[in-house]
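Residues per chain are reported as follows:
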Amino acid sequence: MKRTLGTCYYPEHWSTELWAKDAERMVEAGLTWVRIGEFAWSRLEPTPGDLHLEWLDQAIEVLGQAGLKVVLGTPTATPPRWMIDKYPDMLAHDAEGRARKFGSRRHYCFSHAGYRRECARIVEILARRYGKNPHVAAWQTDNEYGCHDTTISYSEAARRAFQEWCQARYGDIAALNAAWGNIFWSMDYNDFAQIELPNLTVTEPNPAHVLAFRRFSSDQVVSFNRLQAEIIRAHSAAPTAHNYMGRITDFDHFKVGDDLEIASWDSYPMGFLEDRVGAEPAHQKAYARQGDPDFQALHHDLYRAVGRGRWWVMEQQPGPVNWAPYNPAPLPGMVRLWSWEAFAHGAEAVCYFRWRQAPMAQEQLHAGLLRPDSVDAQAMDEVRAVRDEIAQAPDVAPHQARVALIFDYDADAAWAVQPHGAGLSYFGLVFDVYKALRAMGQSIDILRPETRDFSGYDLIHAPGLMHMDAALKAALIAAQGHVVFGPRSGARDADMTIPVPLPPAIAGLDVTVDRLESLRPDSPIALEGGGAFTGYRELLQGGADVVLRTADGEPAVMRSGQLSYVAGWADVAGWRAILTPLCQEAGLTVLDLPGGLRLRDTASERFWFNYGAAPINYEGRQFAPASVLRETRKD
Ligand code: GAL
């Protein structure tokens, strides 16, 4: 399969006369895919029931006749204004209890039954009309679930749905009271109908209550998406995707992905740099025109897992965006680098957002592949270069990595509910491990927590899994490769209670967390091998071997055979010190990649990426700034 390119297009924004010329130019630029429709509801149905689909018929026909394949988006991220008149209570509510207003997008509550019916209706109309259209080769549900902080809603519809969810999960109210520990502070309920949402409490709400509400909110996204996916599948054989976002972790993407054929995500490397990567100002400055060297790769690996191997970049930044604190232009070469990095990680397609820069409304300052006057914009030459390279080069071969990292959205929720120290997050912990492994030259597969077969992996890293069910524990204990647990592994039961025997309670690994503490950012605890525990550490007891200590003499890593436990949140240097001997023992070559140099192995090739703004000379190879090097693997 050849890798493909595409773009996001809004025919409803432009006069009909432009469409054919646009399509022709897309084909010339080497694009295969054109995604349309995902925000067009008010044009498809200007007033309730008054459908205007002829323009969409025509757009699909014009694009398809030019040789493009259409990805048709369902328009449910932008309910039109009349919908709010019909259902004033469909708006999501923020934690202060205020309705979020009409006037941008994503202004709906996932729990509102009336809005769900409207979504099912419009999706059914589109799926029936275009399900067998030869030009509609893929679908997209909605747009970026969770973006703009929209997973969680404190509306009345959410409250009622949450009560039903609790009843289904716990059966009777006494069981819920016991599971949540509601005797503490006399929080016992007599009836499910009394259960409130966990906002506006006088002080901190019960963490079990908050975690349950987060799980419920995640399940609402899953069922909202499933509703659409099932309707599309009933009428169309074309695959369906959703376009996920960077560092949005408040719903379980694996569960949404189970109902879709393809995962995709929207990659804005420079947009994400300042507020999602979580890096120091000097790092942000160094990568201001490139994006963080590891952030995209982590998401590529994550969404490959969400898509069970089938995944795309649905939106790729082609120039400055409009929404980050600062919006510089990318270094020449970065659009090509980002595209090839996605392909090296297995993306089937990379689509650029957007075709032509919009002269109106919120995203006037967002670059496209064309300027508002239709002249080629900065990225076009690089897109053509990628087009030519795809045509000439061999295809990227799929590959199972030897290092695995487990990512668990439920653990992310548990850390968010109870971080124990300011700034501590599960995503941040996993990202630090990932960064360390990448700088050590490793290619990584991300696995979901339901994984039971770890064959082929020499090193399996499972940091921060606050709750681990017995089946996951057993599968990890039985794995052939070395398994690294901790910190906080198995720290809570399924309902956010400290289990006894005390954590981590891993059979075959004689380690018990005796005490724990969170640390001020200015008070790290040094590790003997280099690096430090930052933010959080545990004090361990037990008979397992102590293989690394903190400078204050406490166990930092304990080990029995193929199982290790790490007693804290190490910084990148600390993870390097901890993981290097384990990688070497497993026969993995450990590198020390300089600056922004990163690599990704496929079955037959090694791709090198220099995210740096300066040339790098490494092991006899010269890497220009913002460049890609593709070579046959020698090992
Ligand atoms: C994405 C979104 C697009 C557009 C883009 C701008 O998050 O899906 O519709 O808003 O950002 O960067």
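Residues numbered from 1 in each chain as written. Predicted model: local features only at pLDDT ≥ 70, side-chain atom pairs only at ≥ 80, totals over all residues. Heavy atoms only, no water.

## Some details on the packing of helix H3 (residues 54-65) against helix H5 (residues 113-130)
Argument step 1. It is the contact of H3 with H5, at a shortest axis distance of 12 Å, that shows an interaxial angle of 45°. Considered as vectors, H3 and H5 are oriented oblique to each other. H3 and H5 meet at a crossing whose hand is right-handed. Listed contacts from H5 to Glu-54, Leu-56, Asp-57 and Ile-60 of H3 are Leu-126, Arg-129 and Tyr-130.
Argument step 2. Residues of the contact of H3 with H5, tallied by class, amount to four nonpolar, no polar and three charged. (Axes fitted to C-alpha atoms, helices over the stretch in contact; angles between N-to-C directions. Helix = DSSP H or I, 4+ residues; strand = E, 2+ residues; numbered from the N terminus. Parallel < 35°, antiparallel > 145°, perpendicular 65-115°, else oblique. Left-handed = near helix turned anticlockwise from the far one by under 90°. Contact = heavy atoms within 4.5 Å. Nonpolar A, V, L, I, M, F, W, Y, C, P; charged D, E, K, R; others polar.)

## Here we look at empty space enclosed by the protein
Once rolled over the atoms, a probe with the size of a water molecule shows which space is left empty.
Argument step 1. Using the criterion set out here, one finds two cavities of 30 Å³ or more in the structure.
Argument step 2. Approximately 50 Å³ is the volume found for the largest cavity.
Argument step 3. The wall of the largest cavity is formed by Cys-109, Phe-110, Ser-111, Thr-151, Ser-153, Ala-158, Phe-216, Ser-217 and Gln-220.
Argument step 4. The dominant element in the lining of the largest cavity, judged by the number of residues it contributes, is helix H8 (residues 207-235), at three residues.
Argument step 5. Looking at the lining of the largest cavity residue by residue, the class counts come to four nonpolar, five polar and no charged. (1 Å grid on protein atoms, 1.4 Å probe; cavity = no way out; pocket = protein on both sides within 12 Å on 5 of 7 lines; lining within 4 Å. Points joined across faces, edges and corners; volume = space filled by probe spheres on them.)

## Quick look at the domain arrangement of the protein chain
Argument step 1. Assigned domains of the protein chain: these are domain 1 (4-37 + 58-71 + 111-148 + 220-392), domain 2 (158-209), domain 3 (403-585) and domain 4 (597-632).
Argument step 2. If you average the C-alpha positions of domain 1 and of domain 3, the two centres end up 34 Å apart.
Argument step 3. Facing 25 residues of domain 1, the contacting portion of domain 3 comprises 17 residues.
Argument step 4. Here domain 1 meets domain 3 over a buried area of about 1800 Å², counting both sides, of which 58% is carbon and sulfur.
Argument step 5. Broken down residue by residue, the surface that domain 1 buries against domain 3 is led by Thr-249, Phe-254 and Leu-298, which jointly contribute 35%.
Argument step 6. Linking domain 1 with domain 3 are four salt bridges, by the criterion used here.
Argument step 7. Residue Arg-448 is joined to Asp-258 by a salt bridge in which the shortest nitrogen-to-oxygen separation is 2.9 Å.
Argument step 8. Between the two partners, domain 1 and domain 3, sit 10 residue pairs in polar contact (both at pLDDT 80 or more).
Argument step 9. Taken together, the elements giving at least two residues each to the side of domain 1 that touches domain 3 come down to helix H9 (253-257) and helix H12 (295-306). (Domains from an automatic or database assignment. Buried area = accessible area lost by both parts, 1.4 Å probe. Salt bridge = Lys/Arg side-chain N within 4 Å of Asp/Glu carboxyl O. Polar contact = N/O pair within 3.5 Å; in protein donor to acceptor, adjacent residues only side chain to side chain.)

## So, the sheet that holds strand E8 (residues 349-352)
Argument step 1. If you trace the eight strands once around the closed barrel, you get E1-E2-E3-E4-E5-E6-E7-E8, paired in parallel fashion. Taken pair by pair, the neighbouring strands of this sheet meet at an average axis angle of 30°, ignoring direction.
Argument step 2. Relative to strand E3 (residues 69-73), strand E2 (residues 31-36) runs parallel, the two sharing four bridges. Bridge pairing in E3 links Trp-33 to Lys-69.
Argument step 3. Lying over the sheet, H5 contacts E3 and strand E4 (136-140), oriented at roughly 165° with respect to E4. (Pairing = 2+ DSSP bridges.)

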